[in-house]
Amino acid sequence: MVFLITSSIVLLIAGTCSSSTSTNGGDSSRISPIKHLESSLAASAAHGTVVAVCAQDQKDGKECVVILSRSPSASLQSNLTVSPLRTYFDEHNNNDANNNDDKEEEEDIEQLLPLNNAGPIPSFYSTQSMIHLLHPPNQQDSSGAVVLALTGLAADARHLTRLTAKQIVEHDYIYGDDAKHRMQIKDVVRDVLSDTLTDAASDNGGRPYGVQALVAGWRRNRRSGGQELLDMYTVDPSGGYKHWGGGGTAVGRNAEMVRKRLHKALHHRRRGNDEDENEFNIPQGAEGGLEVAMKAMLGDESAALSLGVDVAKEARQFDALVLYPAKSRRNCAAFHPKKVEEVYRRYIASVKGSSDTL
């Protein structure tokens, strides 16, 4: 009798293991506590790329961060819709045609459009921007801006952006939106984004979000007398987040390769007296940061794009902005699409010229 009971238990356990193995693709070694994580990771890296690069302002020497996004579907946007940014620049150019006294000032600001309101950054050609301004800068209380950029499934990105913005608004409504009480960038990443993505990934009846997030912004260091420090975080579909330093990072399509190019462009080894030392090549000016970001994002792809491709049309895939500290003369601004196209053309010419010499 004891032998029969033991055999029944062994058969029951074996049947349970075989059924669970067949449910998970026939390989018990691939059983993961998070269902559909691989497909969500693939979706988060299949569409769009976002690159963040630290730079130094040439006027006041303060640090800034340039964020460049690329969405291949932006070039296919219908011309039946006209974005607010295009209307703004049309009016701005008409006013400049009537008054040329501010020409030097226009060149000084590098064709940047100030952004003072929370929401998606205005895109010139697309109605759906990948970059969202969560916290606008506030010079009155010296609080810097916080920006969220998402890649992956568009529906998931829109939903996650709305949830994040809603929680920030509710927090500011209860505790106040001044620099002392407003939600800091680490709180946004840890308590909002990471918690939301973790809950979705651990839900048995759902699936992880198919997005990757890049969050950049300024925080005040109370230990150093209120000095503003730049923080950059990336968050994956499982809810895990990482703090980045060293000049820049990237999320989305080919993010690992883009980060390697960034490291190669921003760091180099200098041979000292005793041993090699690492040096950091910080780009000069917002335009310099934009050039480094575009080089890291495109790699050698521009050599192929320069052959029989409409460069102006391809340049519509990009959106870019720059974040300055709250106490800077400029805080948060979007690049004029003509400036982005100019940098894009310049890099294509440099890659094509270098390939012709080989």
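Look up a bit, the structure's there.
All of these numbers come straight from a predicted model, not from anything done at the bench.

A. Here's a closer look at the nonpolar core. Among the nonpolar cores identified, the biggest contains 33 residues, and Val-322 and Phe-335 are the most heavily contacted of them. Going through the elements one at a time, strand E1 (49-56), strand E2 (63-70), helix H7 (255-266), helix H8 (285-298), strand E13 (318-323), strand E14 (332-335) and helix H11 (337-357) are the ones with two or more residues in this core. Each residue touching Val-322, except ones within four places of it in the same chain, is listed here: Cys-64, Val-65, Val-66, Leu-112, Ala-286, Asn-331, Cys-332, Ala-333 and Phe-335. Core analysis: the second largest hydrophobic core is formed by 24 residues, Val-65, Ile-121, Met-130 and Trp-218 among them.

B. Representation of the sheet that holds strand E8 (residues 227-235). Spatially, six strands are ordered E4-E5-E6-E7-E8-E9 in an open sheet, and the strand pairing comes out antiparallel. The sheet is open, and its two borders are formed by strand E4 (119-120) and strand E9 (241-244), each paired with just one other strand. The pairing of E4 with strand E5 (residues 131-135) spans two bridges and is antiparallel. Looking at the pairing, Pro-120 lines up with His-132 of E5.

C. Structural context of the side chain of Ser-194. Looking at where Ser-194 falls in the secondary structure, it is placed in helix H6 (residues 185-201). Sequence-distant contacts of Ser-194, that is, excluding residues within four places in its chain, are made with Val-189, Gly-239 and Tyr-241.

D. Representation of the pattern of salt bridges in the model. Applying the stated rule across the entire model yields ten salt bridges. Asp-231 is the salt-bridge partner of Arg-219, the closest N and O atoms lying 2.4 Å from each other. With a gap of twelve residues between them, Arg-219 in strand E7 (residues 211-221) and Asp-231 in strand E8 connect regions that are remote in the sequence. For Asp-231, a relative accessible area of 3% translates into the label buried. The residue Glu-342 makes a salt bridge to Lys-339 at a minimum N-O spacing of 3.5 Å. Placement of the pair is Glu-342 and Lys-339 together in helix H11, with a separation of three residues, close to one helical turn. Judged by relative accessible area, Lys-339 falls into the buried class, the value being 10%. Beyond isolated ion pairs, a larger network of salt bridges with shared partners links Glu-287, Glu-291, Lys-339, Glu-342 and Arg-346.

E. Layout of the pairing of strand E10 (residues 248-252). Burial within E10 is extensive, with five of its five residues counted as buried. Relative to E10, E1 is paired through five bridges, and the arrangement is antiparallel. Note on E10: the bridge partner recorded for Thr-49 is Gly-252.

F. Representation of the side chain of Thr-161. When you line up the elements, Thr-161 lands in helix H5 (residues 154-175). Thr-161 sits in the buried class, given a relative accessible area of 13%. If we ignore the near neighbours within four places in the chain, the residues touching Thr-161 are His-132, Leu-148 and Leu-150.

G. Expanded view of the environment of Arg-345. Considering the arrangement of structural elements, one finds Arg-345 in helix H11. Placed 33 residues apart in sequence, Arg-345 and Ala-312 show a C-alpha to C-alpha distance of 8.5 Å. The contact partners of Arg-345, leaving out residues within four places of it in the chain, are Val-311 and Ala-312.

H. Here's a closer look at helix H2 (residues 37-44). Those residues of H2 lying buried are Leu-37, Ser-40, Ala-43 and Ser-44. Projected onto a plane normal to the axis of H2, the buried residues spread over an arc of 125° and lie on a single side. Against the buried residues of H2 lie strand E6 (146-152), E7 and E10.

I. Geometry of a nonpolar patch on the surface. A cluster of nonpolar side chains, namely Tyr-173, Ile-174 and Tyr-175, defines an oily patch on the protein surface of about 450 Å² accessible area. Within the fold, Tyr-173 resides in helix H5. Classification of Tyr-173 by relative accessible area gives exposed; the value is 75%.

J. Quick peek at the packing of aromatic side chains. Following the criterion strictly, the structure yields two aromatic pairs and no others. Arranged with centres 6.3 Å apart and planes meeting at 65°, the rings of Tyr-233 and Tyr-241 form a pair that is edge-to-face. Under the relative-accessibility criterion, Tyr-233 is labelled buried at 7%. A relative accessible area of 37% places Tyr-241 in the partly exposed class. Judged by centre distance (5.3 Å) and plane angle (50°), the ring pair of Phe-318 and Tyr-344 falls under tilted. Taken together, the residues Phe-318 in strand E13 and Tyr-344 in helix H11 connect sequence positions 26 residues apart. The pair formed by Phe-318 and Tyr-344 is uniform in burial state, with each residue classed as buried. For the cation-ring pair, Lys-242 lies above Trp-244, with the distance from its terminal atom to the ring centre recorded as 4.2 Å.

What counts, and where the lines are drawn
- Residues numbered from 1 in each chain as written.
- Predicted model: local features only at pLDDT ≥ 70, side-chain atom pairs only at ≥ 80, totals over all residues.
- Heavy atoms only, no water.
- Core = buried A, V, L, I, M, F, W, Y, C linked by side-chain atoms within 4.5 Å.
- Buried < 20%, exposed > 50% of the residue type's maximum accessible area, 1.4 Å probe, protein only.
- Helix = DSSP H or I, 4+ residues; strand = E, 2+ residues; numbered from the N terminus.
- Contact = heavy atoms within 4.5 Å.
- Pairing = 2+ DSSP bridges.
- Salt bridge = Lys/Arg side-chain N within 4 Å of Asp/Glu carboxyl O.
- Arc of directions from axis to C-beta.
- Patch = residues over 30% accessible without salt bridge, like charges linked within 9 Å, V, L, I, M, F, W, Y side chains within 5 Å.
- Areas by Shrake-Rupley, 256 points an atom, 1.4 Å probe, with all protein chains shown as cover.
- Phe/Tyr/Trp six-rings, centres within 6.5 Å; stacked < 30°, edge-to-face > 60°.
- Lys NZ or Arg CZ within 6 Å of the ring centre and 35° of its normal.

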